[in-house]
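# Close look at the chain arrangement
Here are the chains, one letter per residue:
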There are 2 protein chains.
Amino acid sequence: MANKELKSDIGRIVQQTMPDIVESRLREYLKEKSFRPGDPLPKEVDLAESLGVSRNVVREALSRLRMLGMVETKKKRGMVLASPDILSSFERVLDPSIIGENTLKDIFELRLVLEMGLAELIYARKTAADVAELKEIALRQMDGKKDNFRIKNEIEFHGKLYEMSGNDTLKRFQNMLLPIFDYVVKTEPRFISGKISHLDLANILERGSKEEFREGMYEHLKPHFDRLKRLG
Amino acid sequence: MANKELKSDIGRIVQQTMPDIVESRLREYLKEKSFRPGDPLPKEVDLAESLGVSRNVVREALSRLRMLGMVETKKKRGMVLASPDILSSFERVLDPSIIGENTLKDIFELRLVLEMGLAELIYARKTAADVAELKEIALRQMDGKKDNFRIKNEIEFHGKLYEMSGNDTLKRFQNMLLPIFDYVVKTEPRFISGKISHLDLANILERGSKEEFREGMYEHLKPHFDRLKRLG
């Protein structure tokens, strides 16, 4: 136990490979020199020479930045700094089968926090057409067979809520989080759904206040909050 | 305008390089075969042969997975699948000088959503010692010179709030978001602070209800919500 504590307090030293070092140095350099999207990067051969490393190492480091969307190759102009898609690398690692238990729990809670905090954006931006579409979704889902947490329904209904927030990043984020959420819920032997249904929430959005919506969302998510309290 | 719409609707075809393709194929393969953290990966030379590509390309693709924390090299055992730190690649790209305007706006709002949604976790887990420490932070900050949004104070106070939520991922996430938030706020010519101060929030946490805390947080963040409504 003391050993485990030491391990978590002192942290593990992760040995850096040459590409790790060059990648990090490159990112620092781009920042120090205030590179902006569209600016051409130094040539691979010049970078290798200046850094005193092989071209293969530079190529590997640049390949990583390319994967992050920080660098792209333009016809005739060669490599330029790009405006990265901030969620694409996040998406790559969000796989419940490789993420640790604690992180899974954190992500589970993160979704609860987001849903409880969404009311302001939704109420600032929702339209009558949005609410009508949401209601249609909720009504259609009631015809399906009874199932407390069906990932397809959840993504459809809550995805529409996120869309109504007018925030694309948030919507994509939600789409990534739900499969993780689903995975955690499925580890529960028995899952009881909240008192407030998707249709109830849609009705509140039609006629109720921001505060009522938040209360409704809390009731809708309550089994998850209870679960969280149970587990501590 | 029609042209811009077309561009956004049809999307741009991004040409994939060989490392892009191999990286994506590798991730699929690991998923299909249900690799778990600790499982050894096939050898570089075997991967190259099976995929019919050069070893350099495989090395580049593996280097990317290594950067994402999905792969690590173990003494004697070679490369194994690892449990990635889901935020580390996110951290790499969160640089306000290269992120596009729309994404910056989305991140600005994301922080507001998180803060408004935090009440449940905080009230489920806060201790008297936590609240005392938070109050101390707020009192200490009042001695400093008057400044409406000082990133250091914001990180200190709101960071403690996130810590009280008992969610490490959320806390790290917040630490990454605040510099972006700061960057956006600084583009405002004039910034008026909310009616509710850090100290007021700490006092509510000491004696008030979850609902009062949420109302207080809304008032604290109100200038940001107003800004958001102004910009649409």
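Refer to the structure printed above.
So, a few notes on the structure that sits alongside this text. (Residues numbered from 1 in each chain as written. Chains lettered and ligands numbered in written order. Predicted model: local features only at pLDDT ≥ 70, side-chain atom pairs only at ≥ 80, totals over all residues. Heavy atoms only, no water.)

## Details of the relation of the copies chain B and chain A
The criterion, for reference: Residues below a pLDDT of 70 in either copy are left out; the C-alpha atoms of the rest, at least 70 in both, set the least-squares superposition of the copies. Working rule for contacts: check all heavy atoms of both residues, and any pair within 4.5 Å makes them a contact.
In the superposition of chain B on chain A (RMSD 0.1 Å, axial shift 0.0 Å), the rotation amounts to 180°. Such a combination of turn and shift is consistent with a two-fold rotation axis. Taking C-alpha positions as reference, the residue of chain B nearest the rotation axis is Gly117 of chain B, located at 1.9 Å. Of the residues that chain B buries at the interface, 100% are likewise interface residues in chain A, meaning the two copies contact each other through the same surface.

## Some words on helix H2 (residues 18-32) of chain B
As a reminder, the rule being used: Secondary structure is summarised from DSSP: a helix means a run of H or I of at least four residues, a strand means a run of E of at least two, and numbering begins at the N terminus for each. Expected span of a helix: the number of residues minus one, times 1.5 Å.
When the terminal C-alpha atoms of H2 of chain B are compared, their 21 Å separation across 15 residues agrees well with the 21 Å that a helix rising 1.5 Å per residue should span. Packed against the buried residues of H2 of chain B are helix H4 (55-67) and helix H5 (88-93) of chain A together with helix H3 (44-51), helix H4 (55-67) and strand E2 (78-81) of chain B. Positive backbone phi, approximately 50°, marks Ser34 of chain B, located one or two places after H2 of chain B.

## Considering the interface of chain B and chain A
Note the following rule: Buried area is understood as the total, over both parts, of accessible area removed when two parts are fitted together, assessed with a 1.4 Å probe. By salt bridge we mean one thing: a side-chain nitrogen of Lys or Arg within 4 Å of a carboxyl oxygen of Asp or Glu. Under this definition, polar contacts are N or O atom pairs within 3.5 Å; protein pairs additionally need one hydrogen-donor-capable and one acceptor-capable atom, and for neighbouring residues in sequence, both atoms have to be side-chain atoms. Only Asp, Glu, Lys and Arg are considered charged in this grouping, and only Ala, Val, Leu, Ile, Met, Phe, Trp, Tyr, Cys and Pro are considered nonpolar; every other residue, Gly among them, is considered polar.
In this complex, chain B contributes 63 residues to the contact, which on the side of chain A involves 63 residues. Carbon and sulfur atoms supply 59% of the area that chain B and chain A bury against each other, a total of about 5,300 Å² over both sides. When the buried area of chain B at its contact with chain A is split by residue, Ile86, Ile98 and Val113 of chain B rank highest and sum to 13% of it. Applying the counting criterion to the chain B and chain A interface returns six salt bridges. One salt bridge connects Arg125 of chain B with Glu109 of chain A, and the closest N-O pair in it is separated by 2.6 Å. Across the contact surface, chain B and chain A share 23 residue pairs in polar contact (both at pLDDT 80 or more). The set of elements that each furnish at least two residues to the side of chain B that touches chain A consists of H2, H4, helix H5 (88-93), helix H6 (101-117), helix H7 (119-125), helix H10 (168-186) and helix H12 (210-231) of chain B. With ten residues, H6 of chain B is the largest single contributor of residues to the side of chain B that touches chain A. In the side of chain B that touches chain A, the residues fall into 28 nonpolar, 14 polar and 21 charged.

## Observations concerning unusual backbone geometry
Formally: Partly exposed residues are those whose accessible area sits between 20% and 50% of the maximum for their type, while under 20% is buried and over 50% is exposed, using a 1.4 Å probe and protein chains only.
Of note, Ser34 of chain A is a non-glycine position whose phi angle comes to about 50°, a positive value. Position of Ser34 of chain A relative to the elements: it lies in the loop between helix H2 (18-32) and helix H3 (44-51). Despite not being glycine, Lys76 of chain B has its phi angle at roughly 70°, a positive value. Inspection of the secondary structure assignment puts Lys76 of chain B in the loop between strand E1 (71-74) and E2. A relative accessible area of 91% places Lys76 of chain B in the exposed class.

## Observations concerning the pattern of salt bridges
A full pass over the atoms with the stated rule returns 54 salt bridges over all chains. Two residues, Arg207 of chain A and Glu206 of chain A, come together in a salt bridge whose shortest N-O distance is 3.4 Å. For Arg207 of chain A, a relative accessible area of 66% puts it in the exposed group. Because the salt bridges share partners, they merge into one network encompassing Asp20, Glu23, Arg27 and Arg64 of chain A together with Arg66 and Arg92 of chain B.

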